[in-house]
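This is what each chain is made of:
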Amino acid sequence: MACLHDHNCEDHDCSSDWSLYKHIDLPKVSALNEAVSGSVKSVFKAWEQRLDSSMQGYLESNEGDPELLVFIPFTSDVKIKSISVVGGADGTSPSKMRAFLNRDGIDFSDAQSMQPVQEWDLVENFQGLLEFQTRYSRFQGVGNLTLHFPENFGAETTQIHYIGLRGEATQLKRDVVATIVYELMPNPSDHKTRAESGGGLSHWSEQ
Amino acid sequence: MVLEATMICIDNSEWMRNGDYAPARFQAQADAVNLICGAKTQSNPENTVGVLTMAGKGVRVLVTPTSDLGKILACMHGLEIGGEMNLAAGIQVAQLALKHRQNKKQQQRIIVFAGSPVKHDKKLLEAIGRKLKKNSVSLDIVDFGEEDDGKPEKLEALLSAVNNNDSSHIVHVPAGPNALSDVLISTPIFTGDGEGGSGFAAAAAAAAAAGGVSGFDFGVDPNLDPELALALRVSMEEERARQEAAAKRAAEEASRQEKGEQPSNSQDTTMTDRGSIMAPEAGNKRNDLMDDETALLEQALAMSMDDPKSGHSADSDMSEATAVDQDLAFALQMSVQDNVNDSATQTEMTKALGDQSFVSSILASLPGVDPNDPSVKDLLASLQGQSEPKEEEKKPPNEEEK
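Residues numbered from 1 in each chain as written. Chains lettered and ligands numbered in written order. Predicted model: local features only at pLDDT ≥ 70, side-chain atom pairs only at ≥ 80, totals over all residues. Heavy atoms only, no water.

So, on to the overall build of chain B. Along the backbone of chain B there are 18 helices and 6 strands. Put simply, chain B has 402 residues, and 44% of those count as buried. The long-range share in chain B, meaning contacts at least 24 apart out of those at least 6 apart in sequence, stands at 74%. A total of about 20,000 Å² of accessible surface is found on chain B, and carbon and sulfur atoms cover 52% of it. (Helix = DSSP H or I, 4+ residues; strand = E, 2+ residues; numbered from the N terminus. Buried < 20%, exposed > 50% of the residue type's maximum accessible area, 1.4 Å probe, protein only. Contact = heavy atoms within 4.5 Å. Areas by Shrake-Rupley, 256 points an atom, 1.4 Å probe, with all protein chains shown as cover.)

Here is the structure:
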């Protein structure tokens, strides 16, 4: 589902809508099959800079292999309304996008075999005005987002200049088990039985 | 201090029996693996290392990535050698093991020991390399053992397919005196990418250098362990002194024994067998011809003590002298005897000569010596007694003969 920006951007500030990039945990963003390690971080920027890739570069896949996998963790749980992707020219734009939510450590074999939360057929979007809406009910409470781009429009590599996310950020953090303490030796005080703690019927009571 | 999960692929094929790496290829490989495990776990406590074997009945994972060094070292024991290495399967299984690592934040790394010939073709290896690169797995290759033609090129092709930003390395280790682990210590496999060497690697390198050919005395670095170095040096000096004293004592003993048995030694045996005759000594002897025999002997002894090994074999001189003068011959022969009977073999020699049957058999084997010759018989008889009067007896027969 693609929506065109059909209002005049002078009226309101579009960039405020696309401000979810501020909630991305940028140091932990990673990508698989990127030609230059770390170049994925350059695609998350303000909406005004979506077409300007001369400063930080862009994300490009390895030669001869158009697949890309982008892992986006957030600093707090977000709700994602729509996604916008600006690709490269000459067929280097991705043609398909598959999204996975709240999963760690997906690699290509996982991505190809798993069922995505949602899948889109992309079109070439050089101006960055196209956005792809999500099934909003499924995209509530997103701790991290994994985007898989399996194909492009026929070029040897896939280029992505900008990924924009629209939605809301909640202040909540996803429920994660932060610290686990393993017992090396049992501590009897932690393992009192009911009889010892004085509760419940005792079997030794006179009958 | 990169957070890393490493899988080490060991080659335990039949090619590992070869002994061109001390002590055998397999042991050298095992040492290197132990060293790598230690280095990885020390550089970052959360690092994990796993081990699998590529040959044998098939690729087998011995231990999944764990940070417990004891478990890893334990599984290295009792590994059997056999079968043929399957490099492609090994790498793929390693990749799978890394995929299921517990801490997804760790970087993935595979270290492969390629000792046998590589039977896969280049294309397959490059495809494997590209798959590794796509999943951002780094690969370190240790090329040792069999120098198959085409093997270095195949491994280099694999490396270039995998290599992403210099995170993968290859090391070619030829057979030689250096241990495999020592060679690896200085490579990026140990030192990591641009870290310049962790503490472990640096300490291990220092120990290896000290113990190896680069030669501190006694193999102990005086900087690392001055007391040990001092103790070793002192004990070496003491040993040297003790040996010199022992030598001196034995020499004195030899001189005493020499005087006791002057006439009775079978010089023929020694003359032909040993070579250290002294030409200068012969010359000096000529000066003393007129002296008493004992004095002559003493001088011979003195010469031998001063200069035990300086002469060349001068058999020709000897025979010449024999022809000229019997006394001279005797003296020369005895000087030979002195040289031969140095402190270590003194007693053994006398015992051997005392054994008459032994002496007669040797005499029989010598050219130009007729055992039935009366002089020779007398000589043999005199061996029993070993006293001065015997010497006089012998001399007249000798003079008669010549």
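What follows is about the side chain of A:Glu34. Residues and elements named next belong to chain A. Turning to its location among the elements, Glu 34 is positioned in the loop between strand E2 (30–32) and strand E3 (59–60). For the buried Glu 34, which has no salt bridge, the nearest side chain bearing the opposite charge is Lys 41, at an N-O separation of 7.0 Å. Polar contacts involving the side chain of Glu 34 include one to the side chain of Ser 39, which spans 3.3 Å. Those residues in contact with Glu 34, other than ones at most four positions away along the chain, are Ser 39, Val 40, Leu 59, Glu 60, Ser 61, Asn 62 and Leu 68. (Lys, Arg positive; Asp, Glu negative; His and termini not counted. Salt bridge = Lys/Arg side-chain N within 4 Å of Asp/Glu carboxyl O. Polar contact = N/O pair within 3.5 Å; in protein donor to acceptor, adjacent residues only side chain to side chain.)

Next up on the list: the interface of chain B and chain A. In this complex, chain B contributes 7 residues to the contact, which on the side of chain A involves 11 residues. Buried area between chain B and chain A, summed over both chains or domains, comes out near 850 Å², and the portion from carbon and sulfur atoms is 46%. Considering only the side of chain B, the residues that lose the most area to chain A are B:Lys99, B:Lys134 and B:Asn135, jointly responsible for 60% of the buried surface there. Linking chain B with chain A are 4 salt bridges, by the criterion used here. Residue A:Asp107 is joined to B:Lys99 by a salt bridge in which the shortest nitrogen-to-oxygen separation is 3.6 Å. Counting the contacts that link chain B with chain A gives 5 residue pairs in polar contact (both at pLDDT 80 or more). (Buried area = accessible area lost by both parts, 1.4 Å probe.)

Residue and element names in this part refer to chain B. Looking at chain B as a whole, its pLDDT mean stands at 74, while 63% of the residues score no less than 70. Scored below 50 in pLDDT, residues 262–288 shows 73 contacts in the model against residues more than four places distant or in partner chains. Low pLDDT (under 50) marks residues 308–323, which in the prediction has 23 contacts with non-local residues, meaning those over four places away or in another chain. What the predictor reports for the complex is a pTM of 0.60 with an ipTM of 0.73. (pLDDT = per-residue confidence, 0-100.)

Before going further, it helps to spend a moment on the sheet that holds strand E5 (residues 137–143) of chain B. All names here are of chain B. The strand order across the open sheet formed by 6 strands is E3-E2-E1-E4-E5-E6, and the pairing between neighbours is mixed. Strand pairing shows two members of the sheet lacking a second neighbour, strand E3 (60–66) and strand E6 (169–172), which therefore form its edges. Looking at each pair of strands side by side, their axes are set apart by 10° on average, direction ignored. As judged from the 6 bridges shared by strand E1 (residues 4–10) and strand E4 (residues 107–114), these two strands associate in the parallel manner. (Pairing = 2+ DSSP bridges. Axes fitted to C-alpha atoms, helices over the stretch in contact; angles between N-to-C directions.)

Moving on, we come to the pattern of salt bridges. Per the stated rule, a full pass over the model turns up 17 salt bridges over all chains. Across the salt bridge formed by A:Lys28 and A:Asp25, the nearest N and O atoms sit 3.3 Å from each other. Look at A:Lys28 and you get partly exposed, because its relative accessible area is 48%. Through salt bridges with shared partners, a single ionic network connects B:Glu4, B:Lys40, B:Arg109 and B:Asp140.

Its place among the elements puts B:Gln299 in helix H12 (residues 293–306). A C-alpha to C-alpha distance of 9.1 Å links B:Gln299 and B:Ser335, two positions 36 residues apart in sequence.

Attention now goes to the packing of aromatic side chains. This model, assessed by the stated rule, comprises 3 aromatic pairs over all chains. Ring geometry for A:Trp120 against A:Phe139: centres 6.4 Å apart, planes inclined by 50°, an arrangement best described as tilted. Note that A:Trp120 is positioned in strand E6 (residues 118–121) and A:Phe139 in the loop between strand E7 (130–133) and strand E8 (142–149), a separation of 19 residues in sequence. For the pair A:Trp120 and A:Phe139, a shared accessibility class is recorded, and that class is buried. Their ring planes at 85° and their centres at 6.2 Å tell us that B:Phe113 and B:Phe144 sit as a pair that is edge-to-face. Linking B:Phe113 in strand E4 with B:Phe144 in the loop between E5 and helix H5 (151–162), this pair joins segments that are 31 residues apart in sequence. Judged by relative accessible area, which is 0%, B:Phe113 ranks as buried. Over the ring of A:Trp47 we find A:Arg50; its NZ or CZ atom is 3.8 Å from the centre of that ring. The lysine or arginine in question, B:Lys134, covers the ring of A:Phe108, its NZ or CZ lying 4.5 Å from the ring centre. (Phe/Tyr/Trp six-rings, centres within 6.5 Å; stacked < 30°, edge-to-face > 60°. Lys NZ or Arg CZ within 6 Å of the ring centre and 35° of its normal.)

Moving on: the environment of B:Tyr21. Residues and elements named next belong to chain B. Relative to the elements of secondary structure, Tyr 21 occurs in the loop between E1 and helix H1 (25–43). Separated by 153 residues in the primary sequence, Tyr 21 and Pro 174 place their C-alpha atoms 8.8 Å from one another. Tyr 21 has contacts with Ala 28, Phe 144, Gly 145, Val 173, Pro 174, Ala 175 and Leu 180, leaving out every residue within four places of it along the chain. There is a polar contact of 2.5 Å between the side chain of Tyr 21 and the backbone oxygen of Val 173.

With phi around 55°, A:Asn102 is a residue other than glycine that occupies positive phi space. Considering the arrangement of structural elements, one finds A:Asn102 in the loop between strand E5 (96–101) and helix H2 (108–113). For B:Asp166, which is not glycine, the phi dihedral falls at a positive 60°. Within the secondary structure, B:Asp166 sits in the loop between H5 and E6. Here B:Asp166 falls in the exposed class, since its relative accessible area comes to 58%.

Residues and elements named next belong to chain B. Between the first and last C-alpha of H5 there are 17 Å, a value that for 12 residues agrees with the 16 Å anticipated at 1.5 Å per step. The set of residues buried in H5 consists of Lys 151, Lys 154, Leu 155, Ala 157, Leu 158, Leu 159, Ala 161 and Val 162. Those residues of H5 that are buried are in contact with helix H3 (87–99), E4, helix H4 (122–134), E5 and E6. (Expected span 1.5 Å × (residues − 1).)

Let us now look at the packing of H4(B) against H5(B). Residues and elements named next belong to chain B. Following both chains from N to C, one finds H4 and H5 inclined at 25°, their axes separated by 7 Å at the closest point. The angle between H4 and H5 falls in the class roughly parallel. Relative to H5, H4 is oriented so that their crossing is right-handed. Contact with H4, carried on its side by Lys 122, Leu 125, Glu 126, Gly 129, Arg 130, Leu 132 and Lys 133, involves Glu 153, Lys 154, Ala 157, Leu 158, Ala 161 and Val 162 of H5 and no other residues of that element. (Parallel < 35°, antiparallel > 145°, perpendicular 65-115°, else oblique. Left-handed = near helix turned anticlockwise from the far one by under 90°.)

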